Structure formats: C-alpha cells, structure tokens
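Here is what each chain is made of, one letter per residue.
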Amino acid sequence: MPWRVMPADRKAGKRPDPYAVWLSEVMLQQTTVAAVRAYHEKFTTLWPNVAALASADDADVMAAWAGLGYYARARNLLKSARAVVHEHGGMFPITYDALIKLPGIGPYTAAAISAIAFDEPSTVLDGNVERVMARLYDDHTPLPAAKTVFMDYARRHTSNDRPGDYAQAVMDLGATICTPKTPVCGICPIQSQCDSFCAGTQLDLPKKTPKKPKPTRTGIAYIARREDGAWLLETRPEKGLLGGMLGWPTTEWADDPVDAAPHSTNWTELNDHARHTFTHFHLILRVQTAWLPADASPNRGHFIAAETFDATSLPTVMKKAYTLAAATLRHV
C-alpha cells in the first residue's frame, strides 16, 4: 500500500507521510483497501500535498472522489486540508486530541493517524480490531454495545514502544487472518492466547445485535439533453446525501415523491429503475428522459456541453440512471 512504511524502513529512520496516511484513513472509512488504492494514487498525483489539496477546486475534488461513496467524507477532506493549512501552518497536528478537532476525523481515524504517522500511543479500534478482541477474549457481548468493552481490551495491548507498527499489525491481523467468516487460525501468531480458539467459538464472534430492516424510498430522476447535445445537470445542496455533487435533477427521495420536473415538456418514463442502497435506506429511482429545444430555460439545473460531460465523474446512483437513459438520448 503506497501510504505504508514497513517496520524495517521505520527502524532505518524513514517516517510515514502524514498527508498520505490521513488521506488513506479518510478514504478507507467504509471502503475496502482494494478500492482505495487507485483513488489514493490518483489524489496524490493530482494533489501531492495538503497545501495543493487545500487550494483545489471543490468540484474537481468531488469529481475525483466519485465512486468512493459517502460523499460527506470528500467535503470534510477539503475542510480538513484547509484547516491544516490555515490553522496549523500546513503541518498536521500530532496528537489524538488535536487531530480529532479536524472536520470528518472521528475517534478511530484520529487514533490511526496519530499512531501510524507520528508513533503516538493511541488505541485504534475499527471493525477488524473489534473482531480480534472479541475472539481473543471470547467475549460474547453483542455489538454495538460491546464497543466500550473492546476498546478497553484494545488499550491493554496498545504498544508504547512501536505504536505505529502495532496499530497496522492488529488491523491487518483482522483483515487478513482473523477474518469474519473463515479465520485462518492455523497461521495466527496469537493462536495460543486466543480464548475463542480454545473454546471453539471463534466463528460465532463478534456477536451483533440484529439490525432493523432498511426502508425503501423512491424518487424520479430527470435526464434531459438539449438539441445541441448538452446535458441538463444540477449541483445538489451542500447538506444531505451526495451534498455538493453534480447529478441529475430529481424529486425528493421519499415514500411518495411529488413530481418536480425541471422543465415543462413531454417526459418519457423508462421501464427500468435505477436501484441503489445507502447506509440507512434503499433507493429506487424512476428515470424520465426528454429532448429539450435549443432555447430551453429550465427552472433548475444548468447545461453541460456534450464534449465536457463525463458520466464517470457522477455519483454511482446517478451513473446507474445515466446507463439506463443513455440509449434513448444518444445524440445524432
């Protein structure tokens, strides 16, 4: 992983780049390492340091983030970068207490950055570490109530000598060996100390409180092109899902959305729907398409010329709607 510094290199005096570590930890929130690697390389190529990112255009950063999901992270990424530059002279704060004050930095992320980038003895507790602790102590307390219990366990093992190496090691142990469904106990370096392995209960842990079913919301996406091929898009409000992102005009996402077409014309509804799942609900988007005249003056949104429109920069749910509509709006 490009943001990692191996233990031997650390011992030789090489230090992690706090910017690279911070960027990786924000991207890794609710996203896999496999997905993050390419995005991390793209971001560090476009904006090689925190000052460069702080001065970047918001729309460019949001477009580069498209596909990673949870777009509030991208907005907070910019806020944090600007806070580091304007309030900390371009240098990342070292301690957990200072890091957690940055926008979008929660307890886990602050601990991970301070430990990995600065060798501060901060205790990391993500899903992987929770699983390791639950199995190590054979603790059947269900999550999320068990988080404070697992944090206490994790603190007992946090290294004062090499906290950065330890933080990465315990997270990697959970990600690669102490995995959720098929832990590889035969090669686990702490197998002899693992209470759940001795009890044969490792596959049952960690226990989780059953989740409530996610509700389903619906909406309408309006996808229109002007006679010259330009596409009608709008920037979503800063607050809320996909805040600040470019997308198709839509209705509210609700149980019974009210029509909110951006232009009075004959809209054609497609048979297929764009389906997407967010953290707290499922979304079903009906898709309506239309060709608009050259002098069209929609009541919301703005036109983007065909040659500058890039569907790949749209949020995933908007790309799904575009895929359905593209064939009916192919420019000839």
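Overview of the structure. In this numbering scheme, every chain counts its residues from 1 along its sequence in written order. With the structure being a predicted model, the display of local features is reserved for residues of pLDDT at least 70 and the display and counting of side-chain atom pairs for 80 or more, all residues being used for whole-chain, interface and lining totals. Note that water and hydrogens are dropped before the side-chain values are worked out from all heavy atoms of the structure.

So, on to the packing of helix H2 (residues 18-27) against helix H8 (residues 107-118). Contact pair H2 / H8: the axes reach a minimum separation of 9 Å and the direction vectors enclose 150°. The orientation of H2 with respect to H8, classified from their angle, is roughly antiparallel. In this structure, H2 crosses over H8, and the sense of that crossing is right-handed. Between H2, through Pro 18, Val 21, Trp 22 and Glu 25, and H8, the contact on the second element is made entirely by Tyr 108, Thr 109, Ala 112, Ile 113, Ile 116, Ala 117 and Phe 118. Note on method: axes are straight lines fitted to C-alpha atoms, helices fitted across the in-contact stretch only, with angles between N-to-C directions ranging 0 to 180 degrees. Helix and strand definitions follow DSSP, with helices as H or I runs of at least four residues and strands as E runs of at least two, each counted in order from the N terminus. Orientation categories follow fixed angle ranges, with anything under 35 degrees roughly parallel, anything over 145 roughly antiparallel, 65 to 115 roughly perpendicular, and all other angles oblique. Crossing handedness: left-handed means the near helix sits turned counterclockwise from the far one by under a right angle, and right-handed means the same turn made clockwise. Here a residue-residue contact requires only that any non-hydrogen atoms of the pair lie within 4.5 Å.

Basic side-chain nitrogens of Lys or Arg form a salt bridge, by our definition, when they fall within 4 Å of a carboxyl oxygen of Asp or Glu. Applying the stated criterion across every chain yields a total of 11 salt bridges. Notably, a salt bridge pairs Arg 156 with Asp 152, separated by 3.1 Å at the nearest N-O pair. Of this pair, Arg 156 and Asp 152 both sit in helix H10 (residues 147-157), four residues apart, which is roughly one turn of that helix. Any residue under 20% of the maximum accessible area for its type is buried, any over 50% is exposed, and the rest in between are partly exposed; the area is computed with a 1.4 Å probe on protein chains only. Note on Asp 152: relative accessible area 37%, which makes it partly exposed. The structure contains a network of salt bridges with shared partners spanning Arg 10, Arg 15, Asp 119, Arg 162 and Asp 165.

Here we come to the pairing of strand S1 (residues 216-226). Burial analysis of S1 places eight of its 11 residues in the buried class, the great majority of the element. Of the pairings in the sheet, the one linking S1 to strand S5 (residues 282-292) comprises 11 bridges and is parallel in character. Bridge assignment links Ala 221 to a residue of S5, and that residue is Val 287. Strand pairing is defined by DSSP finding a minimum of two bridges between the two strands.

Turning next to the pairing of strand S2 (residues 231-235). Burial analysis of S2 places four of its five residues in the buried class, the great majority of the element. Summarising the sheet, S2 and strand S6 (residues 302-304) pair through three bridges and their orientation is antiparallel. Note on S6: the bridge partner recorded for Leu 233 is His 302. The sheet contact formed by S2 and strand S3 (residues 246-247) spans two bridges and is antiparallel. Each bridged residue has a counterpart across the sheet, and for Glu 234 the counterpart in S3 is Gly 247.

Working definition: a ring pair exists when centres of Phe, Tyr or Trp rings (six-membered ring for Trp) sit within 6.5 Å. Plane angles under 30 degrees give stacked, over 60 give edge-to-face, the rest tilted. Considering all chains together, one arrives at 15 aromatic pairs under this definition. When the ring of Trp 22 is compared with that of Phe 92, the centres are 5.2 Å apart and the planes differ by 50°; the resulting orientation is tilted. Of this pair, Trp 22 sits in helix H2 while Phe 92 is found in the loop between helix H6 (72-87) and helix H7 (96-99), placing the two residues 70 residues apart along the sequence. With relative accessibility at 10%, the residue Phe 92 sits in the buried group. Ring centres of Trp 248 and Phe 309 lie 5.8 Å apart, and the angle between their planes is 50°; this geometry places the pair in the tilted category. Taken as a pair, Trp 248 in the loop between S3 and strand S4 (268-277) and Phe 309 in the loop between S6 and helix H13 (316-325) lie far apart in primary sequence, 61 residues in all. A residue is classified by how much of its surface remains accessible, and Phe 309, at 14% relative accessible area, is buried. Joined through ring pairs, the aromatic side chains of Trp 231, Trp 248, Phe 309 and Tyr 322 make up one cluster.

Among all positions of H10, only Phe 150, Met 151, Tyr 153 and Ala 154 are buried. Along the axis of H10, the buried positions cluster into a sector of 160°, meaning they face one direction only. Exposed positions of H10 whose direction lies more than 90 degrees from the buried face are Thr 148, Arg 155 and Arg 156. Next to the buried residues of H10 lie helix H9 (127-136) and helix H11 (163-176). This arc is taken over the directions from the axis of the helix to the C-beta atoms.

Another point: H6. Multiply 1.5 Å by the residue count of a helix minus one, and that product is the helix's expected span. In this model, H6 (16 residues) spans 21 Å end to end at C-alpha, consistent with the 22 Å of a helix rising 1.5 Å per residue. Along H6, the residues that are buried comprise Arg 73, Ala 74, Arg 75, Leu 77, Leu 78, Ser 80, Ala 81, Ala 83 and Val 84. Where H6 is buried, its residues touch H2, helix H3 (33-46), helix H4 (50-54) and helix H5 (58-65). Positive backbone phi, approximately 65°, marks Gly 89, located one or two places after H6.

We now examine the nonpolar core. Take the buried Ala, Val, Leu, Ile, Met, Phe, Trp, Tyr and Cys residues and link them wherever side-chain atoms come within 4.5 Å; each set so joined is a nonpolar core. Counting residues in hydrophobic clusters, the biggest one holds 88 residues, and the most contacted among them are Trp 22, Phe 43, Leu 53, Trp 65, Met 133 and Trp 248. With eight residues, H8 is the single largest residue contributor to this core. Core analysis: the next-biggest nonpolar cluster, separate from the first, contains 10 residues, Ala 224, Leu 232, Trp 267 and Leu 292 among them.

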